[in-house]
Amino acid sequence: MTDFAATRALFHLPDGVVYLDGNSLGPMPLAAAGQVRQMIESEWGEMLITGWNKAGWMDLPKRLGDRIGRLIGAEPGTVVMGDTLSIKVYQALAAALEMRPDRRVILSDSGNFPSDLYMAEGLVRTLGRGYALRVVDPEEISEAIDEDVAVLMLTEVDYRTGRRHDMAALTAKAHAVGALTVWDLAHSAGALPVDVASAGADFAVGCTYKYLNSGPGGPAFIYVAPRHAEVARPALSGWLGHEAPFAFDLDYRPGQGIERMRVGTPPVIQLAALEAAMDVWDIADIHDVRARSIELTESFIAGVEAQCPDLTLASPRDPAARGSQVSFRHPEGYAIMQALIVRGVIGDFRAPDILRFGFTPLYIGPDDVDRAVATLADLMDGNLWNRAEYKARAAVT
Ligand SMILES: *Cc1c(COP(=O)(O)O)cnc(C)c1O
């Protein structure tokens, strides 16, 4: 059983703060500062360019990919780090489309994160030739999977409501009509057990700065099922995905397996922070994290519903049907969230009316839930959020 007091001690959390926004940016693992400092001073500083070989910088994207792979049920050697999630969505989607040359439709849902849809739109525009993005409501996705679909591109856990798709069932349905799948695990990796291999996912992508705590701007990851590894062709065919980058050939030849999904120079300093963040998983079991997350979210929902009648639950009531976040609706959600943040309980707001609370058992416990509920109830009771200063929107919400 995971010792959650021990995992909490691995993070820096500012005094007096209940941090319910690890679904957007995870807090700093205490070891990250030391790991980054050591990378900068002893490796970059002392080794200079020899660090690529001596300190193994070039292998970091694959080594850390394997550590993330263990959390998402990926086979060894099938995950690599790099770039940002939007770029990895593009990389996966373009490769999947090329594997279904006789089909033209990308199917997704309106609960997907806008950047995923924007990347698909951009790819469709570049490809021309009748390619189209079809977007339906999340509840209608299963029925919309038909023989026109080349690729089903979904985010497992909805960033606004926390609603969770059934990855195995939807993947099976896509495969039954001959379509491929691209799963975005942005709100899944590190939040709940994922098993891309047994679900049969073809491609998966995700970011590391949310539930994996790699820090702002941390690199993304991409998974390609082993059966596709030598077939998938990267559209973003950069030199580090080449079979022999240092041969400096004029023609592109894809590298072996997952290596081909690399694009350019890896973000070595940020990978050092990720390495420290992944050490947390040496003492944390994702199944324990999930069980505890369900306890915390159930208790939060019960408390808010009992004490804040004006807030409406926006997340599925069945814990199995949601990820590790809980959302409530209120027309003045933005001001309420600002008032809450001023009082030390940090969640976030998503337009038009969603108050979002992420529960990350690695550093959030039952006492934090109680304090969050009490603070929220207090400011709802007294209308304390109803002030002009809480209504002025900042650039990042
Ligand atoms: C957070 C998130 C992103 C962000 O993409 P970046 O390129 O890392 O900024 C994309 N997709 C989903 C589903 C997300 O939740």
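Residues numbered from 1 in each chain as written. Predicted model: local features only at pLDDT ≥ 70, side-chain atom pairs only at ≥ 80, totals over all residues. Heavy atoms only, no water.

Some points on the sheet that holds strand β8 (residues 180-184)
Condition: Note on pairing: DSSP must find at least two bridges between two strands before they are called paired. The way it works is that DSSP assigns letters per residue, a run of H or I at least four long becomes a helix, a run of E at least two long becomes a strand, and they are numbered from the N terminus. For helices, the fitted line uses only the C-alpha atoms of the stretch in contact; every axis is such a line through C-alpha atoms, and the angle between N-to-C directions lies from 0 to 180 degrees. Contact between two residues is taken to exist if any of their heavy atoms lie within 4.5 Å; hydrogens are not considered.
One open sheet holds the 7 strands; their spatial order is β4-β10-β9-β8-β7-β5-β6, and the pairing between them is mixed. A strand with exactly one partner marks an edge of an open sheet, and here the two such strands are β4 (79-82) and β6 (132-136). Taking the axes of each pair of neighbouring strands and ignoring which way they run, one obtains an average angle of 20° across the sheet. Pairing geometry for strand β5 (residues 105-109) and β6, over 5 bridges, is parallel. Counted as the bridge partner of Val-105 is Ala-132 from β6. Most of the contacts of helix α4 (residues 60-71) go to β4, to which it runs at about 120°, and overall it touches β4 and β10 (220-224). Along the sheet face, helix α5 (residues 85-98) touches β4, β5, β7 (149-155), β8, β9 (203-206) and β10 and points at about 170° away from the line of β9.

Here's the deal with unusual backbone geometry
Most of the time, phi is negative for any residue but glycine, and the peptide bond is trans. Under the convention used in this document: The buried label goes to any residue with under 20% of its type's maximum accessible area, the exposed label to any with over 50%, and the partly exposed label to all in between, with areas taken from a 1.4 Å probe on protein chains only.
A cis geometry characterises the amide bond from Ala-351 onward to Pro-352, with omega recorded as 5°. By secondary structure assignment, the location of Pro-352 is in the loop between β14 (348-350) and β15 (354-358). Its identity is not glycine, yet Asp-83 carries a phi of approximately 60°, on the positive side. The topology assignment puts Asp-83 in the loop between β4 and α5. Judged by its relative accessible area of 26%, Asp-83 is partly exposed.

A few points about the packing of aromatic side chains
Two descriptors summarise a pair of aromatic rings, namely the distance from one centre to the other and the angle between the planes of the rings. Let me state the cut-off plainly: The pairing test for Phe, Tyr and Trp rings, Trp by its six-membered ring, is centres within 6.5 Å, and the orientation test on the planes gives stacked under 30 degrees, edge-to-face over 60, and tilted for anything in between. Should the NZ of a Lys or the CZ of an Arg lie within 6 Å of a ring centre and within 35 degrees of the ring normal, that charge is described as sitting over the ring.
With the rule as written, the count across this model stands at 11 aromatic pairs. Here the aromatic rings of Phe-300 and Phe-328 are separated by 6.1 Å at their centres, their planes lie at 70°, and the arrangement is edge-to-face. Within this pair, whereas Phe-300 is found in helix α11 (residues 286-307), its partner Phe-328 is found in strand β12 (residues 325-329), the two being separated by 28 residues in sequence. Residue Phe-300 is classed as buried on the basis of its relative accessible area of 0%. Judged by relative accessible area, Phe-328 falls into the buried class, the value being 0%. Site record: aromatic cluster; members linked through ring pairs are Phe-300, Phe-328, Phe-357 and Phe-359. Against the face of Phe-113 rests Lys-210, its NZ or CZ located 5.5 Å from the ring centre.

Points about the nonpolar core
Definition in use: What makes a nonpolar core is a set of buried Ala, Val, Leu, Ile, Met, Phe, Trp, Tyr and Cys residues whose side-chain atoms join them at distances within 4.5 Å.
Core analysis: the largest hydrophobic core is formed by 88 residues, its most contacted members being Leu-185, Phe-300, Phe-357 and Leu-376. Ignoring anything within four residues of it in the chain, the contact list for Leu-376 reads Phe-300, Val-304, Cys-308, Leu-311, Ile-336, Leu-340 and Phe-357.

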